[in-house]
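Letter by letter, the chains look like this.
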Amino acid sequence: MAVQPPVAQDVRRTMIAAILLGIGFMAAIDEIIFHQLLAWHHFIDTGSTALALASDGILHTMELVLFIVGAFMMIELHGRRAQAPGYRGPGFLLGMGGFQTFDGIVDHKILGLHQVRYVEHVWLYDIAWIGAGLILLAIGWKLLQRARQGQATSQH
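Predicted model, so just to flag it, every value in this text is computed and none were measured. (Residues numbered from 1 in each chain as written. Predicted model: local features only at pLDDT ≥ 70, side-chain atom pairs only at ≥ 80, totals over all residues. Heavy atoms only, no water.)

## Re the overall build of the protein chain
- For the protein chain, the helix and strand inventory stands at four helices and zero strands.
- Taken from the N to the C terminus, the helices and strands of the protein chain come in the order α-α-α-α.
- Each principal axis of the C-alpha distribution contributes one length, and for the protein chain these read about 65 × 30 × 25 Å.
- Counted over contacts in the protein chain with a minimum sequence separation of 6, partners at least 24 positions apart contribute 76%.
- Surface summary for the protein chain: the accessible area is close to 9100 Å², and the carbon and sulfur share equals 71%.
- The distance from the centre of the 10 positive side-chain charges to the centre of the 11 negative ones in the protein chain is 18 Å. (Helix = DSSP H or I, 4+ residues; strand = E, 2+ residues; numbered from the N terminus. Contact = heavy atoms within 4.5 Å. Areas by Shrake-Rupley, 256 points an atom, 1.4 Å probe, with all protein chains shown as cover. Lys, Arg positive; Asp, Glu negative; His and termini not counted. Charge placed at Lys NZ, Arg CZ, Asp CG, Glu CD.)

## Section: the packing of helix α1 (residues 11-37) against helix α3 (residues 88-110)
- Two elements in contact, α1 and α3, have axes separated by 6 Å at closest approach and are oriented at 45°. Considering their axes alone, α1 and α3 lie oblique with respect to each other. Note that α1 runs across α3; the crossing there is right-handed. Contacts from T14, M15, A18, I19, L21, G22, I23, F25, M26, A27 and D30 in α1 reach R88, G91, F92, L94, G95, M96, F99, Q100 and D103 in α3.
- Looking at the contact of α1 with α3, its residues break down into 12 nonpolar, five polar and three charged. (Axes fitted to C-alpha atoms, helices over the stretch in contact; angles between N-to-C directions. Parallel < 35°, antiparallel > 145°, perpendicular 65-115°, else oblique. Left-handed = near helix turned anticlockwise from the far one by under 90°. Nonpolar A, V, L, I, M, F, W, Y, C, P; charged D, E, K, R; others polar.)

## Describing the UniProt feature "transmembrane region" (unreviewed entry) in the protein chain
- In the numbering used here, UniProt assigns the "transmembrane region" (unreviewed entry) feature to residues 15-38, 50-75 and 122-144.
- The distance from the first to the last C-alpha atom of residues 50-75 is 37 Å, and the span holds 100% helix and 0% strand.
- The span residues 122-144 carries 100% helix and 0% strand; its end-to-end C-alpha distance comes to 33 Å. (UniProt positions renumbered as here; feature names shortened; annotations may be inferred.)

## Remarks on the environment of A52
- Locating A52 in the fold gives a position in helix α2 (residues 49-79).
- Along the primary structure A52 and W129 are separated by 77 residues, whereas in three dimensions their C-alpha atoms are 21 Å apart.
- Those residues in contact with A52 that lie beyond four places of it in its chain are H42 and I44.

## Here we look at the environment of G22
- Counting through the fold element by element, G22 comes out in helix α1.
- Looking at G22, the relative accessible area reads 0%, which means it is buried.
- With 111 residues separating them along the chain, G22 and G133 place their C-alpha atoms 12 Å apart. (Buried < 20%, exposed > 50% of the residue type's maximum accessible area, 1.4 Å probe, protein only.)

Printed below as a string of structure tokens:
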């Protein structure tokens with residue numbers, strides 16, 4: 001029986017897959033909770049219900065595509081035994097935080113596609129929305145530093 005040579009851990013692809021999963025997951029949370037259940041906003045709020053629903057459909061499609069691509073990448077890495085231990089969690093959190101922060105700054109403030117919620121003191125919601133993204137980014141970054149130093153829990 002031939003001994004298989006060890007497979008190198010693929011840190012780059014593990015991070016990309018985990019980031020895609022994190023983006024898709026956070027987009028799903030946004031779309032399901034804030035667009036559908038609470039009905040606070042749509043992806044593009046213009047006053048046209050048809051455009052609002054279509055834009056939510058596009059967001060939902062993109063979140064699913066990112067999630068599926070990330071999942072298939074992770075499955076392929078697992079099949080090759082090339083997942084890099086310690087990098088999945090940081091990548092996932094960086095993807096979640098990146099989506100949340102981008103949405104809060106670019107979609108809400110720069111492009112004005114929608115607000116978190118249409119209320120008098122929207123800045124309170126903006127602080128919470130963007131702050132949540134920044135917290136996720138900070139935790140993901142800290143965990144990434146630990147993984148790079150070989151100190152992640154899953155690396156032991």
